[in-house]
Amino acid sequence: MSAADKDTTPASVDSGSEHDWLEDVTGEKPLDWVRERNADTLSRLGNPEDSPVYNRVLSILNSKDKIPYVHRRDDWFYNFWKDDTHKQGIWRRTTLESYQKDEPDWEIMLDLDQLSKEEGETWVWKGSTWLFEGVGIEQDLCMIKLSKGS
């Protein structure tokens, strides 16, 4: 077996930990374990959804009045955005001039809802990492970090 043929998925790699079986994030045994931990936590601490503080914080987080937080890369301003239309989110960019408007003109770089639908797999945004090749060199190579969702 060549190195290219070797299975290196997290579930196949033996780290020597007694918790390796939890790597199977869709397996019934790990999911049962999580359900048990959740039930134990709820019985000890109560359901946070019953708290007025929880509901107030949730209403703030779900508010439509949000300022898009951006990261600058050269002349572009990037933002990951979730809303009622984009439940899994979109990664988008705009220029400084456009960002300063009441309604910026965003260019969608990646639509996770669309990608998930096309691939039949739920994807969750984990960020992006840009390749820095030196001062004065345009940062035009980026690695997108996604993980499988449920």
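Student: Would you mind showing me how to read the nonpolar core here?
Tutor: When a protein is soluble and globular, its nonpolar side chains tend to lie buried together. The biggest cluster of nonpolar side chains holds eight residues, and these are Tyr-78, Trp-91, Leu-110, Leu-112, Leu-115, Trp-123, Trp-125 and Trp-130. With three residues, strand S5 (residues 123-130) is the largest single contributor of residues to this core. Ignoring anything within four residues of it in the chain, the contact list for Leu-112 reads Phe-80, Gln-88, Gly-89, Trp-123, Val-124, Trp-125 and Leu-146.

Student: When you look at the environment of Ala-39 in this model, what are you seeing that I'm missing?
Tutor: Secondary-structure assignment places Ala-39 in helix H1 (residues 28-45). The spatial distance from the C-alpha of Ala-39 to the C-alpha of Arg-73 is 44 Å, given a sequence separation of 34 residues.

Student: Help me understand a negative patch on the surface, please; the structure alone is not making it clear to me.
Tutor: Taken together, Asp-74, Asp-75, Glu-133, Glu-138 and Asp-140 make up a surface patch of like negative charges. Relative to the helices and strands, Asp-75 is located in the loop between strand S1 (71-73) and strand S2 (76-81).

Student: Could you clarify how one ought to interpret a nonpolar patch on the surface in this entry?
Tutor: A surface patch of nonpolar side chains, about 280 Å² in accessible area, is lined by Val-53, Val-57 and Leu-61. Within the secondary structure, Leu-61 is located in helix H2 (residues 52-61). On the accessibility criterion, Leu-61 (55% relative accessible area) is exposed.

Student: What exactly am I supposed to notice about the pairing of S2 here?
Tutor: Regular strands place their side chains on alternate faces of the sheet. Pairing between S1 and S2: three bridges, direction antiparallel. Of the residues in S2, the one forming a bridge with Arg-72 is Phe-77. The turn linking S1 back onto S2 is made up of two residues, and Asp-74 within it adopts a positive phi angle of 55°. Sheet analysis places S2 next to strand S3 (residues 90-94), joined by five bridges and oriented antiparallel. If you follow Phe-80 over to S3, its bridge partner there is Trp-91.

Definitions and limits used
Residues numbered from 1 in each chain as written. Predicted model: local features only at pLDDT ≥ 70, side-chain atom pairs only at ≥ 80, totals over all residues. Heavy atoms only, no water. Core = buried A, V, L, I, M, F, W, Y, C linked by side-chain atoms within 4.5 Å. Buried < 20%, exposed > 50% of the residue type's maximum accessible area, 1.4 Å probe, protein only. Helix = DSSP H or I, 4+ residues; strand = E, 2+ residues; numbered from the N terminus. Contact = heavy atoms within 4.5 Å. Patch = residues over 30% accessible without salt bridge, like charges linked within 9 Å, V, L, I, M, F, W, Y side chains within 5 Å. Areas by Shrake-Rupley, 256 points an atom, 1.4 Å probe, with all protein chains shown as cover. Salt bridge = Lys/Arg side-chain N within 4 Å of Asp/Glu carboxyl O. Lys, Arg positive; Asp, Glu negative; His and termini not counted. Charge placed at Lys NZ, Arg CZ, Asp CG, Glu CD. Pairing = 2+ DSSP bridges.

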